[in-house]
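Single-letter residue listing:
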Amino acid sequence: LQGITHQIFLKENEYVKIANVHNPFWKELWQVRDTILSIIDNNIIGEKETGVAEALLIGYRDNLDKDLQQVYSNTGIVHILAISGMHLGLIFWMLNKILFFANKKGSLKIAKAIIVLTIIWLFSMLTGSSGSVIRAAVMFSFLQLSGILNHKGSIYNTLAASALALLAFDPTTLADVGFQLSYIAVVGIIALQKYIENWWTQPLWILKKVWNLIAVSIAAQILAFPICMFYFHQFPNYFLLANLIAIPLSTIVLFGEIGTIFLSICKLSWVAKFIGSITCWLITLMNSGIEWVDALPGYVLNGLQFHPLQIVLLYLFIILLCFWLVKKNTQHLKLSLAAFLVLLCWKIMDEVETNRQQKMVVYAIPKGSAIDFFQGKNYSVFMDSTVAENHITQSFHLKPSRIFFGATHQLSEINAVKKDNEFLFHGHKIIYVDKSNILETLNNKGFDADVMIISHNAVKSVNEIAEHCHTKLLVFDSSNSSYKMNDWKNEAKKLGINFWSTELNGALVLDL
């Protein structure tokens, strides 16, 4: 979707780094960013704290602790660490409050709009002009322009106009997960927040503010969670608790960082240090709170798998139910329950099919070898040291497959009879050859196999296998050399042996 169709890997002696060529505007902007990073480093002490402060203020994530980032992701508030609508919204709100006196006169109103939009867009460029920031900047630009024109129409039209502007510039944005989540969450807040707030009227100011925050979180999550489950296959069970901790603290931290930078530029270094130390303490408190939520039992519901049409049914159920709650029309309730019933029956059939499955998957992992055996919701894995020692490889190649097949429980041992790299899985004999001496041992006694998997260049030729082995399917995984696999493919065709190469054909999925 981004027009990238090829990639090339170059060695160090195969390219030359040219001299830096800077647009004067961008050069000045990056210098401002470097100054801001330097002020943060000098006034907010602590590796984790500095990383969070840099990410929170200008979206600079190079120094962000990876484990801490995962904790924020697990609890459903990773948006706190990415410059998004929330951050621009706070700046937009702050600027409008500061320039409140320019709300009445026409000329002042236009001047205010120019100032607000200039700061919003400069800040967007300063943070790297990521998709989420540009979306928020466009959204707030339309809101500000609507105010200048004294346009009292529907907020949904203003929102739709901003979406149309983005899609006119790049239609493929529609397929971007961030775009979908941004707009659906904002629609949820606009449509549902006031109704949720009315569920519980609070006379106390502090309780009213807490309930308002909860209402915003629930409203955004009601429409956003189906998309989150579809793309990320998980649901943060304590998102409300995490938001109650993170949003107030991150708001104070954001204003604390802005104050620290302003005071530092004004040469009030001792005041900047003081504000910075308070901000640092608040970041530590926020991190500790989120880590505590992440440590709670059942903090996240994992392994969720939904078909696109199931997501449509889920949205029909939610939207029709919301209409019923607002308008009290029983027809909406009946249709909502009908959509839910169809979804429930579909998921029950999926569950039955998952519990009956017996599969073997040979993965296509460059220079690595891994096999998963699936029985119902249980799975067992057999992998070489290259894969076993690389958790990123496992997350990228193995985890999505297990989610797709609905496997949630790993058995400590492979659920198959294993002896000398021979597996007997539900009556099917599978032989895994990763060393030439294993093949020699097997050749001495002769053998038959339903599937034979060759890895790490363990054979010289297919002829060597055919002399002593009768196999229904010969599989070469991606740990073998590419040039050898081309030779083996030609040999297998001549000998009439069914052949599969994970490098050429992709991962092998067998129902056993």
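For clarity, every value in this text was computed on a predicted model and none was experimentally measured.

## Description of the overall build of the chain
When helices and strands are tallied, the chain shows 19 helices and 13 strands. For the C-alpha atoms alone, the extent of the chain along its principal axes is close to 95 × 70 × 45 Å. Buried residues in the chain amount to 43% of all 512 residues. Sequence-distant contacts in the chain: of pairs separated by 6 or more residues, those separated by 24 or more amount to 60%. For the chain, the distance from the average position of its 40 positive side-chain charges to the average position of its 37 negative side-chain charges is 13 Å.

## Some points on the packing of helix α2 (residues 47-58) against helix α11 (residues 269-295)
It is the contact of α2 with α11, at a shortest axis distance of 9 Å, that shows an interaxial angle of 95 degrees. By the angle between their axes, α2 is roughly perpendicular relative to α11. Of α11, the residues touching α2 (which contributes K48, E49, V52 and A53) are C280, I283, T284, M286, N287 and E291. In terms of residue class, the contact of α2 with α11 is built from five nonpolar, two polar and three charged.

## Some details on a nonpolar patch on the surface
Taken together, the side chains of L204, W205, I206, L207 and V210 make up a nonpolar region of the molecular surface, amounting to roughly 500 Å² of accessible area. We classify L207 as partly exposed; its relative accessible area is 34%.

## Remarks on helix α8 (residues 177-197)
Its 21 residues give α8 an end-to-end C-alpha distance of 28 Å, which sits within 8% of 30 Å, the value for a rise of 1.5 Å per residue. At A191, α8 shows its strongest bend, of approximately 40 degrees. When we look at burial in α8, the residues that qualify are F179, Q180, L181, Y183, A185, G188, L192 and I196. If you check the start of α8, you find a side-chain oxygen 3.1 Å away from the backbone N of G178, and it comes from D176.

## Remarks on the packing of aromatic side chains
Tallied over the entire structure, the rule returns 16 aromatic pairs. Look at F404 and F405: their rings are 5.1 Å apart centre to centre, the planes differ by 80 degrees, and that puts the pair in the edge-to-face class. You can call F404 exposed: its relative accessible area is 55%. Residue classification places F405 among the buried residues on the basis of a relative accessible area of 13%. Aromatic pair F476 and W488: ring centres 4.3 Å apart, planes at 20 degrees, arrangement stacked. With F476 in strand β11 (residues 469-476) and W488 in helix α18 (residues 482-495), this pair connects stretches of sequence that are twelve residues apart. Each member of the pair F476 and W488 is classed as buried.

## A look at the packing of helix α3 (residues 66-74) against α11
Each packed pair of helices is defined by two parameters, the angle between the axes and the distance between the axes. Where α3 contacts α11, the axes come no closer than 9 Å and their chain directions differ by 60 degrees. Classified by the interaxial angle, the pair formed by α3 and α11 is oblique. Taken as a pair, α3 and α11 cross one another with a handedness that is left-handed. For the pair α3 and α11, the contacting residues are L68, V71, Y72 and N74 in the first and M286, N287, I290, E291 and D294 in the second. Here the contact of α3 with α11 is built from residues that sort into five nonpolar, two polar and two charged.

## Here's the deal with the sheet that holds strand β6 (residues 409-410)
Here five strands make up an open sheet; going across it, the order is β6-β5-β4-β3-β13 and the pairing mixed. Of all strands in the sheet, those with a lone pairing partner are β6 and β13 (508-511), marking the two edges. In terms of strand pairing, strand β4 (residues 370-375) meets strand β5 (residues 378-383) through six bridges, oriented antiparallel. The residue bridging I371 from the neighbouring strand is F382, located in β5. In the packing of helix α15 (residues 391-404) onto the sheet, the strands contacted are β3 (358-362), β4 and β5, and the crossing angle to β5 comes to about 150 degrees.

## Focus on the pairing of β5
The hairpin turn running from β4 into β5, its antiparallel successor, is two residues long, and G376 in that turn takes a positive phi close to 60 degrees. Relative to β6, β5 runs parallel, the two being bridged by two bridges. Counterpart to Y379 in the pairing with β6 is Q410.

## Section: unusual backbone geometry
Across residues other than glycine, the phi torsion is negative in most instances, and most of the peptide bonds are trans. In this structure, K328 is a non-glycine residue whose phi angle is positive, near 60 degrees. The backbone of N457 sits at a positive phi, close to 55 degrees, despite the residue not being glycine. Along the chain, N457 falls in the loop between β10 (447-454) and α17 (462-466).

## So, the nonpolar core
Judged by nonpolar contacts, the single largest core of 38 residues is most densely connected at Y72 and I290. Of all the elements in the fold, those that place two or more residues in this core are α1 (24-43), α2, α3, α5 (106-126), α10 (239-265) and α11. Per-element tally for this core: the top contributor is α10, with eight residues. Dropping the residues within four chain positions of it, Y72 is found in contact with I77, V78, I80, L81, M286, N287 and I290. Formed by 26 residues, the second largest nonpolar core is a distinct cluster that contains I214, L304, I311 and C322.

## As for the confidence of the model for the chain
Looking at the chain as a whole, the pLDDT averages 83, with 92% of positions reaching at least 70. The element-level mean pLDDT for the chain is lowest in strand β7 (residues 417-419), coming to 57, with helix α13 (residues 330-356) highest at 93.

## Quick word on the pattern of salt bridges
Counted under the stated rule, the structure contains five salt bridges. D450 is paired through a salt bridge with K472; the nearest N and O atoms lie 3.1 Å apart. With D450 in strand β10 and K472 in strand β11, this residue pair connects regions lying 22 residues apart in the sequence. D450 gets classed as buried once you look at its relative accessible area, which sits at 17%.

## A closer look at the pairing of β4
With five of six residues buried, β4 lies mostly within the body of the structure. Pairing of β3 with β4 involves five bridges; the strand directions are antiparallel. Bridging from a neighbouring strand, V361 pairs with D372 of β4.

## Thoughts on the environment of I119
For I119, the position within the fold is in helix α5. Judged by relative accessible area, which is 34%, I119 ranks as partly exposed. Here the alpha-carbon distance between I119 and I91, two residues 28 residues apart in the chain, equals 8.9 Å.

About the criteria used
- Residues numbered from 1 in each chain as written.
- Predicted model: local features only at pLDDT ≥ 70, side-chain atom pairs only at ≥ 80, totals over all residues.
- Heavy atoms only, no water.
- Helix = DSSP H or I, 4+ residues; strand = E, 2+ residues; numbered from the N terminus.
- Buried < 20%, exposed > 50% of the residue type's maximum accessible area, 1.4 Å probe, protein only.
- Contact = heavy atoms within 4.5 Å.
- Lys, Arg positive; Asp, Glu negative; His and termini not counted.
- Charge placed at Lys NZ, Arg CZ, Asp CG, Glu CD.
- Axes fitted to C-alpha atoms, helices over the stretch in contact; angles between N-to-C directions.
- Parallel < 35°, antiparallel > 145°, perpendicular 65-115°, else oblique.
- Nonpolar A, V, L, I, M, F, W, Y, C, P; charged D, E, K, R; others polar.
- Patch = residues over 30% accessible without salt bridge, like charges linked within 9 Å, V, L, I, M, F, W, Y side chains within 5 Å.
- Areas by Shrake-Rupley, 256 points an atom, 1.4 Å probe, with all protein chains shown as cover.
- Salt bridge = Lys/Arg side-chain N within 4 Å of Asp/Glu carboxyl O.
- Expected span 1.5 Å × (residues − 1).
- Bend = angle between axes of the 7 residues up to and from the residue.
- Polar contact = N/O pair within 3.5 Å; in protein donor to acceptor, adjacent residues only side chain to side chain.
- Phe/Tyr/Trp six-rings, centres within 6.5 Å; stacked < 30°, edge-to-face > 60°.
- Left-handed = near helix turned anticlockwise from the far one by under 90°.
- Pairing = 2+ DSSP bridges.
- Core = buried A, V, L, I, M, F, W, Y, C linked by side-chain atoms within 4.5 Å.
- pLDDT = per-residue confidence, 0-100.

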